[in-house]
Amino acid sequence: MGDHGQTLNGDHGGGSPEEVETSIFSLSLKKPTFSTPSDLGISDCGFNTDGKEICISMMEQLDFAVTISAMLGVPFPFGSIGRVNPLLYSLGAGRWFQDGTATDDLKDQLEGWMQDYVNSLCINAWQVKRYIDVYSGSSVIGFPAEDLLYVEDMYLQAQEHWSHATLDLLSSESGTNVSSWPVLMRQANAYLKFLDGVIDLARSKWTEFDLKLMGVGLSILFVSLLIQLIAVRSLDKFCCSFPLPSGHIKASIGSMFTLSSVVIRAGSFLSNSYILEEGKVAIFFLATAGILELRNSISKKKFLSEATSSFLLVFIVRLSMEYGLSKQAASSSGFASTLGISLHDSARTYLSLIGPILAMLLLVYMLSKFVTRRSDLGAQTYVVNGAILCYILIIAHWVVESNLLAMPSLLQRIGRISIPRFIYAVGILQLVSIALSEQFLRKKSYDNQRVLIHKAVNVLSAWSSTILLLAGKQGSLVALGAVAGAWCIARLGNLSPDIMDGSFYNITHLPLPVTKWSLLAVCLFFCTGHWCAFDGLRYGAAFIGFDEFILVRQAILLAIDTFGFSHILPVFGLPVLVAYSLPNQQTKQTQASVLFVRLALVYMMYGFITALSATFTVLCVTIHRRHLMVWGLFAPKYVFDVLGLIVTDTLICLAVLYYIDPVEDENTE
């Protein structure tokens, strides 16, 4: 008994009879005076080994809810498209008994039961027709017009047949010796035909999968992966003009670990167990990479502080994913409650503000130091200063939202509504000014490494204020962790021996930092309280600064909150890996060409990792398309990964246009 069966191996996600069929037992304490009419075709009878006749009846699970509703005399479920099952319905037929005894006339009681059943089918058909009409009118996709006309025609035929059947029944009741059984049977068949037609239509539109199109889509994805691999390898051969260093065999260990971790993580999406623990899988590989780099750092006696910090950061990120920064405990007091520390409401409120404010002030300090140390920023200074101003305003917004201070209603409205809208406006102006300056104020510079860092800080400053505001008080803590993680990854990318001696290196040194960057982005997605389900969206973030709902505006804010830390900031921050790992013993001309080629290589590798994960997610959905939890588990993961792939590819294209300048020197080629 249950809502599904299983095979001998324990599988229950396929479409075999063992998996989709199960048993149901129903019992009536009153002995019926007749069997359910065989004309309804609901039983399959045969003889067992003892020669006794056994009849097994079949019913769709779709019919269960509506049949029970008809037996109880309650309204049918609005969203049900099932039909009243005659065998189960017959167990509750009230016309069989009067004062506990059966009626004398078997024919009358049989026709009376049939009359009740046809009446139930009439209400059943009306309810299904109403649901189809409402669904088609409100759904974005709905049913095609020709299918709706077909359903309408079947329903009108059943209703017209009912009009004639009513006249025949009235004539039979007036005393004429005409049996009403054939009339009732034809009417039941008319309603059942309509209901079966709706069920077939719904199955064809909602549950049937076009395997040919799915195969074509998967083929396109795998071909695109192959093309990306070929492009990465070709670009690597183009940029590797120096012989391989003597330590390239040791360095390839990082590439081997990277390849295995990327493939294993993507393959974990094929399991319905590991797909629920994507964040834990990502943090496991990130921790493993940290252990390898810590060992490498100790053996080389280089970057020991960065390796230790990276390993400790992984531990903190793991805790934040589980407790402090999750959606259920998105405050600094989450750890206190987890440890069993009892706090008063006021103390908890203060504690939830102190950590985020200190983290935000630290971010302000870092941007201020960057501005003071870079005297050649020019107009870019306004973008960074605008971000600093927005950070301070975010702190004011948090204070107003906490209700710690008694403020006039005007100041409360300014803090709740005006400040967020001002931050949104500043962010838009920053992005527009960056685009205009790149288009009209671009200057030739021989210090391309410095320019690359300036551009990265610029665009990250423009995006960060809005993302931090939408993320809530946890945003500054996550941002501080992201900055620390990016710094560690960029610095540890210089552990390779040929980088430290100043020579140019090949592709074997890039995959590990890029993979760690990708894994960190995945962890940031879960740290901010998201998960790959529609109830994992932080819908409240879409209404920060707004009380009214406008679809496009709220959808944009929700998308920025969802993909901010996991897609937008990581993609635009990737050049940090390139800028902090360039050899210093190259000429400015060589360094410029190497810089932009390696930047393109890094983006291609990052896009490949994202595409590989999305491809395996699509493959997982294809395999589990008949799984019981396909719509509750695999379909949301598919939607998030495909949208994430589209967002990542779009951002990569924009980042390449923004970062990679055409080399103007005619001798470069």
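Keep in mind that this is a model prediction, so the values were computed, not measured. Every chain begins its residue count from 1, and numbering advances along the sequence as written. Only residues with pLDDT of 70 or above have their local features reported here, since the model is predicted, and side-chain atom pairs are shown and tallied only from 80 upward, although totals for entire chains, interfaces and linings are computed over all residues. Side-chain figures throughout are based on the complete set of non-hydrogen atoms in the structure, without hydrogens or water.

Undergrad: What's the story with the pattern of salt bridges in this structure? I'm lost.
TA: Think of it this way: side chains of opposite charge can pair up when their charged atoms draw near. By definition here, a salt bridge exists when the distance from a side-chain nitrogen of Lys or Arg to a carboxyl oxygen of Asp or Glu is within 4 Å. Following the criterion strictly, the structure yields 15 salt bridges and no others. Residues Glu278 and Arg265 are paired through a salt bridge, measuring 3.1 Å at the closest nitrogen-oxygen approach. One end of the pair, Glu278, is in helix 9 (residues 278-300); the other, Arg265, is in helix 8 (residues 248-267), with 13 residues separating them in the sequence. For every residue, the accessible area (1.4 Å probe, protein chains only) is compared with the maximum for its type, and the residue is labelled buried under 20%, exposed over 50%, or partly exposed between those bounds. The class of Glu278 is buried, set by a relative accessible area of 7%. On the basis of relative accessibility, which here comes to 7%, the residue Arg265 falls in the buried class. The structure contains a network of salt bridges with shared partners spanning Arg265, Glu278, Lys637 and Asp641. Numbering goes from the N terminus for both helices and strands, where a helix is a DSSP run of H or I of at least four residues and a strand is a run of E of at least two.

Undergrad: Just checking my understanding: could you explain the packing of helix 10 (residues 304-322) against helix 18 (residues 511-527) for this structure?
TA: The description of two helices packed together rests on the angle between their axes and the distance between the axes. In contact at an axis separation of 9 Å, helix 10 and helix 18 are set at 30° when each is read in the N-to-C sense. Here helix 10 is positioned roughly parallel relative to helix 18, judged by the angle of their axes. Seen along the crossing, helix 10 lies across helix 18 with a hand that is left-handed. Contact residues: Ser310, Val317, Ser320 and Met321 in helix 10; Lys516, Cys523, Phe526 and Cys527 in helix 18. The nonpolar class holds Ala, Val, Leu, Ile, Met, Phe, Trp, Tyr, Cys and Pro. Asp, Glu, Lys and Arg form the charged class, and all remaining residues, Gly among them, are polar. For the contact of helix 10 with helix 18, the per-class residue count stands at five nonpolar, two polar and one charged. Only the contacting stretch of a helix is used when fitting its axis, a line to C-alpha atoms as for every element, and angles between N-to-C directions run 0 to 180 degrees. Orientation is classified from the angle alone, with under 35 degrees giving roughly parallel, over 145 giving roughly antiparallel, 65 to 115 giving roughly perpendicular, and any other angle giving oblique. Each crossing gets its hand from how the near helix is turned against the far one by less than a right angle, where anticlockwise is left-handed and clockwise is right-handed. Throughout, a contact is declared for two residues whenever any of their heavy atoms are within 4.5 Å.

Undergrad: Even after reading the chapter, I still don't get the nonpolar core, so can you show me in this structure?
TA: Nonpolar side chains tend to gather and get buried jointly when the protein is soluble and globular. What makes a nonpolar core is a set of buried Ala, Val, Leu, Ile, Met, Phe, Trp, Tyr and Cys residues whose side-chain atoms join them at distances within 4.5 Å. Formed by 114 residues in total, the largest nonpolar core has its most connected members in Phe565 and Tyr659. Among the elements that take part in this core, helix 21 (residues 588-623) stands out by supplying 17 residues, more than any other. In contact with Tyr659, other than residues within four places in its own chain, are Leu452, Lys455, Ala456, Val459, Phe572, Pro575, Phe596, Leu599 and Tyr603. The next biggest cluster of nonpolar side chains, apart from the first, holds 33 residues, and it includes Ile81, Met154, Ala158 and Leu184.

Undergrad: Please clarify how the confidence of the model for the chain should be interpreted in this entry.
TA: When pLDDT drops low, the exact placement of atoms in the prediction is not to be read closely. The predictor attaches a confidence to each residue, and that confidence, scored 0 to 100, is pLDDT. In this model, the chain carries an average pLDDT of 79, and 77% of its residues clear a pLDDT of 70 or more. Here strand 3 (residues 97-98) stands out as the element of the chain with the lowest mean pLDDT, 42, in contrast to helix 19 (residues 551-573), whose mean of 94 is the highest. The model gives residues 241-251 a pLDDT under 50, and that stretch makes six contacts with residues more than four places away or in other chains.

Undergrad: I tried to follow the packing of helix 19 against helix 22 (residues 630-659) on my own but got confused; where do I start?
TA: At a closest axis distance of 9 Å, the pairing of helix 19 and helix 22 adopts a crossing angle of 30°. The hand of the helix 19/helix 22 crossing is right-handed. Taking contact as the criterion, the partners of Thr562, Phe563, His567, Ile568, Val571 and Phe572 in helix 19 are, on helix 22, Phe640, Leu643, Gly644, Val647, Thr648, Leu651, Ile652, Ala655 and Tyr659. Residue composition of the contact of helix 19 with helix 22, by class: eleven nonpolar, four polar and no charged.

Undergrad: Could you clarify how one ought to interpret helix 19 in this entry?
TA: Every α-helix carries 3.6 residues per turn, so stepping three or four residues along brings you back to the same face. A bend of about 85° at Gly564 is the largest found in helix 19. Counting buried positions over the 23 residues of helix 19 gives 17, a clear majority of the element. Throughout, bend refers to the angle between the axes fitted to the seven residues that end at a position and the seven residues that start at it.

Undergrad: Could you clarify how one ought to interpret the layout of surface pockets in this entry?
TA: Any empty space left between the atoms is revealed when a probe the size of a water molecule rolls over them. Using a grid of 1 Å spacing that covers the protein atoms alone, one calls a set of points a cavity when a 1.4 Å probe fits there but cannot get out, and a pocket when the set is open and has protein on both sides within 12 Å along at least five of seven lines; lining residues are those with an atom within 4 Å of a point. Grid points are joined across faces, edges and corners, and a volume is the space filled by probe spheres set on the points. In this structure, the second largest pocket encloses a volume near 1200 Å³. Elements supplying a minimum of two residues to the lining of the second largest pocket: helix 12 (345-373), helix 15 (448-471), helix 16 (474-492), helix 18, helix 19 and helix 20 (575-579). Its residues placed into classes, the lining of the second largest pocket shows 32 nonpolar, four polar and four charged.

Undergrad: Even after reading the chapter, I still don't get a nonpolar patch on the surface, so can you show me in this structure?
TA: Taken together, Phe543, Phe549, Leu551, Val552 and Ile556 make up a surface patch of nonpolar side chains, about 520 Å² in accessible area. One can find Val552 in helix 19. The exposure class assigned to Val552 is exposed, which follows from its relative accessible area of 58%. Within this analysis, patches are made of residues with over 30% relative accessible area and no salt bridge. Like charges are joined at 9 Å or less; nonpolar side chains (Val, Leu, Ile, Met, Phe, Trp, Tyr) at 5 Å or less. What sets the accessible areas is the Shrake-Rupley method with a 1.4 Å probe; for residues, cover comes only from the shown protein chains.

Undergrad: What should I look at first to understand empty space enclosed by the protein in this one?
TA: A complete count under the given rule lists five cavities of 30 Å³ or more for this structure. Its volume calculated, the largest cavity comes out at about 340 Å³. Arg265, Glu278, Val522, His567 and Asp641 are the residues nearest the centre of the largest cavity, which is lined by 22 residues in total. When contributions to the lining of the largest cavity are tallied by element, the ones reaching two or more residues are helix 18, helix 19, helix 21 and helix 22. Considering each element in turn, the lining of the largest cavity owes the most residues, six residues, to helix 22. In this structure, the second largest cavity spans a volume of roughly 90 Å³. The wall of the second largest cavity is formed by Ile283, Leu286, Ser310, Leu313, Val314, Val317, Ala484, Gly485, Cys488, Ile489, Lys516 and Leu520. Elements with a minimum of two residues in the lining of the second largest cavity: helix 9, helix 10, helix 16 and helix 18. Split by residue class, the lining of the second largest cavity holds nine nonpolar, two polar and one charged.

Undergrad: Whenever I open this one, unusual backbone geometry confuses me. Can you help?
TA: With glycine set apart, most residues show a phi of negative sign, and most peptide bonds adopt trans. The phi angle at Lys301 is positive, at roughly 55°, despite the residue not being glycine. Within the fold, Lys301 resides in the loop between helix 9 and helix 10.

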